[in-house]
Every structure is written in structure tokens, then in C-alpha cells.
Amino acid sequence: MSRKTLSFVCQNCGAAYTRWQGKCESCGEWNTLAEEASDAPVGKGAAKLPGRARMIDLQPLSGVTDEAPRLATSLSEFDRVTGGGLVRGSVILVGGDPGIGKSTLLVQVAAALARLKQRTVYISGEEAVAQVRLRAERLALTDAAVELASETSVEDIVATLSQGELPRLVVIDSIQTMWTSSVESAPGTVTQVRASAQMLIRFAKRTGACVILVGHVTKDGQIAGPRVVEHMVDAVMSFEGEGSHQFRILRAVKNRFGPTDEIGVFEMTGLGLREVTNPSELFLSERDLGSPGTAVFAGIEGTRPVLVEIQALVAPTSLGTPRRAVVGWDPSRLSMLIAVLEAHCGVRLGTHDVYLNVAGGLRINEPAADLAAAAALVSSLAGAPLPADAVYFGEVSLSGALRPVAQAPARLKEAAKLGFARAFLPDPGRADMPADAGLTLGAHGNLASLVADIAARGNRNRLLREA
Ligand code: TYD
Ligand code: MG
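Asks: Mind showing me how you'd approach the overall build of the protein chain here?
Replies: Of regular secondary structure, the protein chain possesses 12 helices and 23 strands. Here the protein chain holds 467 residues, and 48% of them are scored as buried. Total accessible area computed for the protein chain in this model is approximately 22,200 Å², and 53% of it derives from carbon and sulfur atoms.

Asks: Would you explain the packing of helix H5 (residues 154–161) against helix H6 (residues 190–207) in this entry?
Replies: The axes of two packed helices give the description: the angle between them and the distance between them. In the contact formed by H5 and H6, the axes pass within 10 Å of each other and the chain directions differ by 10 degrees. By the angle between their axes, H5 is roughly parallel relative to H6. Of the residues in H6, those in contact with Val-154, Glu-155, Val-158 and Leu-161 of H5 are Ser-196, Met-199, Leu-200, Phe-203 and Arg-206.

Asks: Sorry if this is basic, but what is going on with empty space enclosed by the protein here?
Replies: The gaps left among the atoms become clear once a water-sized probe is rolled over them. In this structure the tally under the stated criterion is 3 cavities of 30 Å³ or more. In this structure, the largest cavity occupies an estimated 60 Å³ of space. Along the walls of the largest cavity sit Arg-70, Thr-82, Gly-85, Leu-86, Val-87, Ser-90, Ile-92, Asp-234, Ala-235, Met-237, Asn-255 and Phe-257, which together make up its complete lining. For the lining of the largest cavity, the secondary-structure elements that each account for two or more residues are strand S5 (86–87) and strand S11 (235–240). Along the lines of polarity and charge, the residues of the lining of the largest cavity split into 6 nonpolar, 4 polar and 2 charged. Quantified by volume, the second largest cavity comes out at close to 40 Å³. As for the second largest cavity, its lining consists of Arg-287, Asp-288, Leu-289, Gly-290, Ser-291, Thr-294, Pro-385, Leu-386 and Ala-388. Split by residue class, the lining of the second largest cavity holds 4 nonpolar, 3 polar and 2 charged.

Asks: What am I meant to see in the pattern of salt bridges here?
Replies: Pairing between side chains of opposite charge can happen when their charged atoms approach one another. What the rule picks out here adds up to 19 salt bridges. One salt bridge connects Glu-395 with Arg-333, and the closest N-O pair in it is separated by 3.9 Å. Residue Glu-395 is found in strand S20 (residues 395–396), and its partner Arg-333 is found in helix H8 (residues 331–345); the two are separated by 62 residues along the sequence. Overall, Arg-333 belongs to the partly exposed group, its relative accessible area being 22%. Note that Asp-389 and Arg-422 form a salt bridge whose closest N and O atoms lie 3.3 Å from each other. Taken together, the residues span a long stretch of sequence, with Asp-389 in the loop between helix H9 (370–382) and strand S19 (390–392) and Arg-422 in strand S22 (residues 422–426) at a distance of 33 residues. Relative accessible area serves as the criterion here: at 30%, Arg-422 is assigned to the partly exposed category.

Asks: What am I meant to see in the sheet that holds strand S10 (residues 210–216) here?
Replies: Strand pairing in a sheet takes place through backbone hydrogen bonds and is either antiparallel or parallel in direction. Ordered by their spatial adjacency, 9 strands build an open sheet running S8-S7-S9-S10-S6-S11-S12-S13-S14, and the pairing between neighbours is mixed. Because the sheet does not close on itself, it has two edges, and the strands there are strand S8 (146–150) and strand S14 (272–275). Ignoring which end each strand starts from, the neighbouring axes of this sheet average 25 degrees apart. With 5 bridges connecting them, strand S6 (residues 91–96) and S11 associate as parallel partners. Counted as the bridge partner of Gly-96 is Phe-239 from S11.

Asks: What exactly am I supposed to notice about the site of ligand 1 here?
Replies: Taken together, 16 residues sit near ligand 1, with Gly-99, Lys-102, Ser-103, Thr-104 and Gly-272 positioned nearest. Lys-102 is positioned with one of its backbone polar atoms (N or O) 2.8 Å from an oxygen atom of ligand 1. A distance of 2.6 Å separates an oxygen atom of ligand 1 from a polar side-chain atom of Thr-104. Here ligand 1 has 560 Å² of accessible area as a free molecule, and 74% of this is covered by the chains. Those elements that provide at least two residues to the shell around ligand 1 are helix H3 (102–115), helix H4 (129–138) and strand S13 (263–269). Looking at the shell around ligand 1 element by element, the count peaks at 3 residues for H3.

Asks: What exactly am I supposed to notice about the sheet that holds strand S23 (residues 440–444) here?
Replies: Overall, mixed pairing links the 7 strands, which are arranged S17-S18-S16-S15-S19-S22-S23 in an open sheet. With partners counted over all chains shown, the strands left at the sheet margins are strand S17 (324–327) and S23, one partner each. Neighbour-to-neighbour, the strand axes of this sheet turn through a mean angle of 25 degrees, independent of strand direction. Bridge count for S17 against strand S18 (residues 352–358) is 4 bridges, and the pairing is parallel. When the sheet's bridge partners are listed, Arg-324 is paired in S18 with Val-354. The sheet strands contacting H8 are S17 and S18, and the helix crosses S17 at an angle near 130 degrees. Contacts from helix H10 (residues 408–417) reach strand S15 (294–301), strand S16 (304–316), S19, S22 and S23 within the one sheet, and its direction differs from that of S15 by about 125 degrees.

Asks: I tried to follow the side chain of His-444 on my own but got confused; where do I start?
Replies: Mapped onto the fold, His-444 is located in strand S23. In this view, His-444 contacts Leu-402, Phe-424, Leu-425, Pro-426, Asp-427, Ser-449, Leu-450 and Asp-453; residues no more than four positions away in its chain are not counted.

The rules behind these values
- Residues numbered from 1 in each chain as written.
- Chains lettered and ligands numbered in written order.
- Predicted model: local features only at pLDDT ≥ 70, side-chain atom pairs only at ≥ 80, totals over all residues.
- Heavy atoms only, no water.
- Helix = DSSP H or I, 4+ residues; strand = E, 2+ residues; numbered from the N terminus.
- Buried < 20%, exposed > 50% of the residue type's maximum accessible area, 1.4 Å probe, protein only.
- Areas by Shrake-Rupley, 256 points an atom, 1.4 Å probe, with all protein chains shown as cover.
- Axes fitted to C-alpha atoms, helices over the stretch in contact; angles between N-to-C directions.
- Parallel < 35°, antiparallel > 145°, perpendicular 65-115°, else oblique.
- Contact = heavy atoms within 4.5 Å.
- 1 Å grid on protein atoms, 1.4 Å probe; cavity = no way out; pocket = protein on both sides within 12 Å on 5 of 7 lines; lining within 4 Å.
- Points joined across faces, edges and corners; volume = space filled by probe spheres on them.
- Nonpolar A, V, L, I, M, F, W, Y, C, P; charged D, E, K, R; others polar.
- Salt bridge = Lys/Arg side-chain N within 4 Å of Asp/Glu carboxyl O.
- Pairing = 2+ DSSP bridges.
- Near = heavy atom within 4 Å.
- Polar contact = N/O pair within 3.5 Å; in protein donor to acceptor, adjacent residues only side chain to side chain.

Below you can see the structure in the form of C-alpha cells.
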């Protein structure tokens, strides 16, 4: 039997150690270990296995299961991300940078549900009731019957909510401010966050109320502390956006009751978050037509096609090692694309700085964006604007070949709907192309032929000879 329990816990990832050390071996962060009282209530009984145990009923895989009852909030972008509404007894973690608008979003969600005559409670551990009221006034939501409290003790919250009519939705803003007296650590520590979340999750499961936990994100994009909560909750959503843009994107990272990768798009206005039902129109609203270095990518976010502009700037470098900077896309994907352009298409980028930006603050994870990014890069280097009425999509392989991507018909349909006349895409290997797409299709078998096409419109020498 161990004499002493683990008592130094990493505040970033939750790993526990018996001694203090500077660096957490589990996540590699420095100075994140803090001493915590080690009264882990969960593990206590587990050490000594009791002689008697209850038999479990094992069930077959097949059987009748009720569809999880959902509660739509009437905020359609939010409902889209949850998979059609809030599921009874589910717990959702909403993460995001400070100031991105999490409290604003959740006050709006709470108010929308209250207007549907569902009991909703909003508990703020960060702001006073007056501050929450002030925000609600600004959002013109004061008529909604949301019940407010400024409170941080989980025991008090659970006891209060368990009385009378059970709430359908409880918003906890934020989980890092909550504390329970069942563990001794300070509020905000991993142990506290974990224990508080556990209590609120138990409350949700017991009563069927939906609980939304707000979590702050650390500098490297992980949900601090609540990282350890992620696996306990039913759904994890991240609320993203560039500080300088008014667009905000709610993305499902994990969802036990719905699809992931689904996004909801909002715009932050003076009167709160406005839903954006057609994101493509928004992302393309400030297009700079006729200048080189921009290509429109026909992407898919979740189940919805989204058109977005990819901007590139390629300029001779004054540094020994040229700069490569990316916003909204994967930097290693850019390096790969540059290597393919150099190796297979004769495009020399070794002495050029390369900047790539996805307009509107959207972050793209699809490999299908390769072709649009390549087109933008080549267009910038050659000084040749791409046709303004064209969209691009397709995956580039290391050999320079273009690979077809999923859901091409949906991408083409969205492009046609927004008035685009041409689409550049990989040769469809299988015949899953609609016969009448409403666009002229320019299919390419490899990247080199697309580069040659663009080069023919611009300064060929600048593109292929300059070294
Ligand atoms: P907030 O919801 O408090 O962010 P979080 O809870 O994620 O920390 O919102 C913060 C920002 O949103 C704040 O800088 C002001 C801005 N904002 C608006 O632009 N319009 C509004 O109607 C509201 C309520 C906030
Ligand atoms: Mg807040």
C-alpha cells in the first residue's frame, strides 16, 4: 500500500506527481505543477475490492432505443451545431478565448429558451447580477424570464436548482470559477474543476436538465483546466474568431448526440450576436476582384457548403530564410504545397516570402483547400489575377497529382447558387459529377497543368525562371 497519495497536479493537463518538478513530463509545459490536497474521493474505495459485488444485466446490441428528446432553442445556428437542439440530461462544454463572446452567446441561448416557456437558469461566477443584466439590456432580452444568480459554490447551486420546478437549461459561466467544499484545493485548480464538473454532470443526469459549462482557453488553444473535463461531458464546442473580425464560429469538436465538424456562424454586432444563415455570402462580401493572389475555395463545413476566399502574397525575401506565415490554415500543409510546386511544377519559391490568409477569420481543416491555396500562390507569384467567376477545390498529393474530394456536387451547387460560372477541380475518377452542374468545369489531372494555365495568363518568366 502506498504511504502517500499523489499531490502535485499539472494545471494544464491534469497529470499528477508525488514530487514537485519544473516541467510536466506529460504535456511538456513548464511551471504548471501546483500542490493540491490529495483526497481523490473516486479512487479511495477502488483500492480495496469488496468481496461482494452486484451482478450487471448484460444487453444485446439490438433493441428498441428512444430517440434522444431534443429541445430546439430557436437560435438555428446554435441548434445546427448541437445536432438539432439540446438533449435532455446532456452536458455541453463551450470553450473560447476571453472576450470572444461566450457569455453573450449563452445569454442569448438562455433567453431564447426562456421565451419558449422553458425554465432556464444562468449562473455567473465571474460577473455580478447587475453586469449580466446590463448585457441583457443591451441585447434587448430583458423580457425573457431567465433566472439569474452570481454564485460559485456548486453545492449551493445544485441544492437550489433541485428544488421546485426543475430547470431545462442551466448555464454555468465559467467552470473555472466554481468550487466545491468536497475537495480542499483552491478554485480554478484541476482538482476543483474536475470535482465541480462531476457534480454538475451528476445533477444533469439525475434531473434531465441540460447543463452548459463555459470554459476559458489557454494560449495554446486548449481548454485550460477543463481539458480534464472534455472527456466527461457529452459535447465540446469551441467558439472561435479573429479579434479584428466580427465573425464568430461555433464549432462542435465532440458531440455524443450529433455530428462534429458542424459550424454555426455568427456576427458580433452592437446588439449582440446575429445569426448568419448564408456564410458564403458573408465570407465573399469584401472580395477584391481583379487583383492577383486570391482564389475562392468551395469548402464543406459539416454538412454545409461554404465558399471562402483564400489570399496569398508571394514576395521576394530580404532574409536568409524566407518567411512562411499562415492564418486560418495548416502551416505544414503550406510547406507541403510549396514543396510540390517546386518539385513538380517548376515554380521557384525558395527566395520568396509566402503569406497565406483565409478571409473572414474562418479556419479550414479540409485537404480539399490545397488546390485553391496553390492557385492563389501561383497567381500571386505570376502577377496574374484568377478569373473572378471561378471556384477551386481538390486535394494535392505529394506526386503533384490532384485527388477528387468528397461532396463535389454540393460544392458546385453552392458555387452556382452564388453566381460563379466556372469550377476548377480534379479529374473525377468516378462518375459522381452531376451532368448539369450549372458551371463550366475545368478538370485537371495534376497541379502542373493548372500552373501552366495560370502562367499563360500572367508573367511566365516571373513564375518559372526567377530563382
Ligand atoms: P463576452 O460575451 O463578455 O465574452 P466572453 O464571455 O467570451 O469573455 O463578450 C465580449 C465582447 O463582445 C466585448 O469585448 C464586447 C463585445 N460585445 C459586442 O460587441 N456587442 C454586444 O452586444 C455585446 C454584449 C458584447
Ligand atoms: Mg464571459
